[in-house]
Amino acid sequence: MKRGLAFFLAVTMIIGLLAGCSGEQSAEAEKAKDGKVVIDFWTFWGSETRRPIIEKIVNDYNLSQDKVFVKHTFLPWGDIWTKNLASVAASNPADVIVNDINTVAQRAENKQVEDISEYVDDSFKQQFYPYLWDTVEQDGKTYAVPFNTDTRLLFYNKKAFKEVGLDPNKPPATWSELEEYARKLDVKNGDKYDRIGFYPLWGSVGASSWMINADGGKGFIADGELAINTPKKVEALNWILDWKERLGERTVQAFQAEFGSEQSNPFIAGKVSMWIDVGTFYTQLRDYGQDVEFGVAPIPAKEKGAGNWAEGGGFVVEVPKGSNHPKEAMDFIRYLTDVKAQKYWAVKNYDNVANSEAAEAALNELKGPDKMVYEATVKNLKQTKMFPVPIDYPDYMSRLNPHIDNALLGKTAPEKALKQAEEDIKKMKK
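Owing to the predicted nature of the structure, the values given are computational and were not obtained by experimental measurement.

**Q** Which parts of the structure should I look at to understand the overall build of the chain?
**A** When you go through the chain residue by residue, the secondary structure sums to 18 helices and 17 strands. Here the chain has a C-alpha radius of gyration of 23 Å; the compact-globule value for 430 residues is 22 Å, and the two agree. Each of the three principal axes of the chain carries a C-alpha extent, and together these read 75 × 55 × 40 Å. Counting across all 430 residues of the chain, residues that qualify as buried make up 50%. The long-range fraction of contacts in the chain, counting pairs at least 24 apart against all pairs at least 6 apart in sequence, stands at 73%. Taken as a whole, the chain presents about 20400 Å² of accessible surface, with 49% of it coming from carbon and sulfur. Here the chain contributes 54 positive and 62 negative side-chain charges, whose respective centroids are spaced 3 Å apart.

See below:
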């Protein structure tokens, strides 16, 4: 009871504060700078790398026309979502916000985002990768515009490959080759490992990625139907358990305890020879692993011809429900997602952008290893699947993940775990 009351009071305070702040912002917008309409743009991009880039794009837009002035507001990761919901509830939101690409439908359903269909035509839609555009439409209406995305690649240490007699220009193409290469790359000293060739749960990849990869790129909910307890997904969980059994739980835990970023990243430090991560992992390699001779490849297919499927994520820009300036907000969003700004973001951030023409333009500007990795990510988008959260199963992952965890911890057999998960998730259908 006390916890519920405390939460209610906290939310009430946030809404009150935001209402006050937004009231001031609204007054500022009405006065406007030099006769321009002021719109507030919220992002979580506050790092030394990303903040200057987004602020240059904002400044370029402000200088490009004389009707709108965009004010960039940085809010820390996590805080931005809470404050956005509170500001929408207080009817004083930002005008443009960066938000998660896979949950647009939920915000549309909950009336937390404006319908921007009137500002969008077919020629605008065609600028973006179709599979990304699909995430921003709900019931034939448009609620956001894709901004960026990601995909996962296999990074491998060419020097380590040469040491053990593997061809550095021939990365593993299937799961069986991945196992074979990993065993050769392992370096064992007595009962301890000095180097591990590969472990499937390290890097920017989890059990769900392997389950989807194994199942022909099929997610857990396909065309409104549950596809959790499938033979291929069960097989994938058993495959991961085989890796853990071979290396030993102690070995896995000991290596993980030493993991860090930059020079302490296990791939950069030479502790792990093959590593799956998003394309932007390359920036760590570039800045902190200058001596690492590496290559990149798609995630190995379960078997030849099964597809090198990868999971994708990303962000959209949208107009929160209740914005006072949706028309001006959309003018800025058009600029933010057009070729010039998207290409600049791609080249400077090394990020996969949603505008396909901008992605190709970025490729023409990059050189050497920069181009090699970025080109690999752009190609890999063709084998990358998005999994927007369905309206009927809004919180299915929170039901699924504990069952997967129990299987990986050896508490429940994989088939039983996925059967229970499917039964649990069936009950939550709206």
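Still to come is the rest of the account.
**Q** What should I look at first to understand the pattern of salt bridges in this one?
**A** Two side chains with opposite charge may pair up if their charged atoms get near one another. In this structure the tally under the stated criterion is 18 salt bridges. The partner of Glu55 in a salt bridge is Arg51, and the shortest N-O contact between them spans 3.1 Å. Highlighted residues: Glu55 and Arg51, both in helix H2 (residues 50-64), separated by four residues, approximately one helical turn. In this structure Glu55 comes out as partly exposed when scored by relative accessible area, which is 32%. Between Glu318 and Arg107 there is a salt bridge, with the nearest N and O atoms lying 2.8 Å from each other.

**Q** Sorry if this is basic, but what is going on with the nonpolar core here?
**A** Most often, soluble globular proteins have nonpolar side chains that are buried together. The biggest cluster of nonpolar side chains holds 126 residues, and the ones touching the most others in it are Phe41, Phe155, Trp210 and Met274. No other element matches the seven residues that helix H10 (residues 231-247) contributes to this core.

**Q** I would appreciate a short explanation of the packing of H2 against helix H14 (residues 339-349) in the present structure.
**A** The description of two helices packed together rests on the angle between their axes and the distance between the axes. The interhelical angle for the contact between H2 and H14, taken along N-to-C directions, is 165°, at an axis separation of 10 Å. By the criterion of interaxial angle, the relationship of H2 to H14 is roughly antiparallel. The two elements H2 and H14 meet at a crossing, and its hand is right-handed. Contacts between H2 and H14 involve Arg50, Ile53, Ile54, Lys56 and Ile57 from the former and Ala341, Tyr344, Trp345, Lys348 and Asn349 from the latter.

**Q** What's the story with the pairing of strand S13 (residues 294-298) in this structure? I'm lost.
**A** In the case of a regular strand, side chains alternate between the two sheet surfaces. The element S13 is extensively covered by neighbouring structure, given that four of its five residues are classed as buried. With five bridges connecting them, strand S7 (residues 152-157) and S13 associate as antiparallel partners. When the bridges of S13 are listed, Leu153 appears paired with Pro298.

**Q** I keep staring at the sheet that holds S13 and nothing clicks. Help me out?
**A** Judged by pairing direction, the sheet is antiparallel, and its three strands sit side by side in the order S12-S7-S13 without closing on themselves. Lying at the two open borders of the sheet, with one neighbouring strand each, are strand S12 (274-278) and S13. The mean angle between the axes of side-by-side strands here comes to 35°, regardless of whether they run parallel or antiparallel. Here S7 runs beside S12; their pairing, made up of five bridges, is antiparallel. Bridging from a neighbouring strand, Leu154 pairs with Ile276 of S12.

**Q** In this structure, what is going on with the sheet that holds strand S1 (residues 37-43)? I would like to understand it.
**A** By definition, the strands of a sheet pair up through backbone hydrogen bonds, in either a parallel or an antiparallel sense. Overall, mixed pairing links the six strands, which are arranged S2-S1-S3-S15-S6-S16 in an open sheet. Looking at strand neighbours, the two that pair on one side only are strand S2 (68-74) and strand S16 (352-353), the edges of this open sheet. Two strands pair when backbone bridges link them, and strand S6 (residues 145-149) and S16 are joined in this way by two bridges, in the antiparallel orientation. Counted as the bridge partner of Asn148 is Val353 from S16. Across the sheet, helix H3 (residues 79-89) is in contact with S1, strand S3 (96-100) and strand S15 (314-318); its angle to S3 comes to roughly 125°.

**Q** What's the story with the pairing of S1 in this structure? I'm lost.
**A** Counting buried residues along S1, six of its seven residues qualify, which places the element largely inside the surrounding structure. Bridge count between S1 and S2: seven bridges; the pairing is parallel. Bridge pairing in S2 places Phe41 opposite His72. At this point the chain moves from S1, through H2, to the parallel S2, and the crossover so formed is right-handed. Pairing of S1 with S3, which is carried by two bridges, proceeds in the parallel orientation. If you follow Trp42 over to S3, its bridge partner there is Ile97.

**Q** Sorry, what's going on with the side chain of Arg107 here?
**A** With respect to the element layout, Arg107 can be found in helix H4 (residues 104-109). The exposure class assigned to Arg107 is buried, which follows from its relative accessible area of 7%. Sequence-distant contacts of Arg107, defined by excluding residues within four places in its chain, comprise Asn99, Asp100, Gln112, Val113, Val316 and Glu318.

What counts, and at which threshold
Residues numbered from 1 in each chain as written. Predicted model: local features only at pLDDT ≥ 70, side-chain atom pairs only at ≥ 80, totals over all residues. Heavy atoms only, no water. Helix = DSSP H or I, 4+ residues; strand = E, 2+ residues; numbered from the N terminus. Rg over C-alpha atoms; globule rule 2.2 N^0.38 Å. Buried < 20%, exposed > 50% of the residue type's maximum accessible area, 1.4 Å probe, protein only. Contact = heavy atoms within 4.5 Å. Areas by Shrake-Rupley, 256 points an atom, 1.4 Å probe, with all protein chains shown as cover. Lys, Arg positive; Asp, Glu negative; His and termini not counted. Charge placed at Lys NZ, Arg CZ, Asp CG, Glu CD. Salt bridge = Lys/Arg side-chain N within 4 Å of Asp/Glu carboxyl O. Core = buried A, V, L, I, M, F, W, Y, C linked by side-chain atoms within 4.5 Å. Axes fitted to C-alpha atoms, helices over the stretch in contact; angles between N-to-C directions. Parallel < 35°, antiparallel > 145°, perpendicular 65-115°, else oblique. Left-handed = near helix turned anticlockwise from the far one by under 90°. Pairing = 2+ DSSP bridges. Right-handed = clockwise from strand over helix to strand, strands pointing away.

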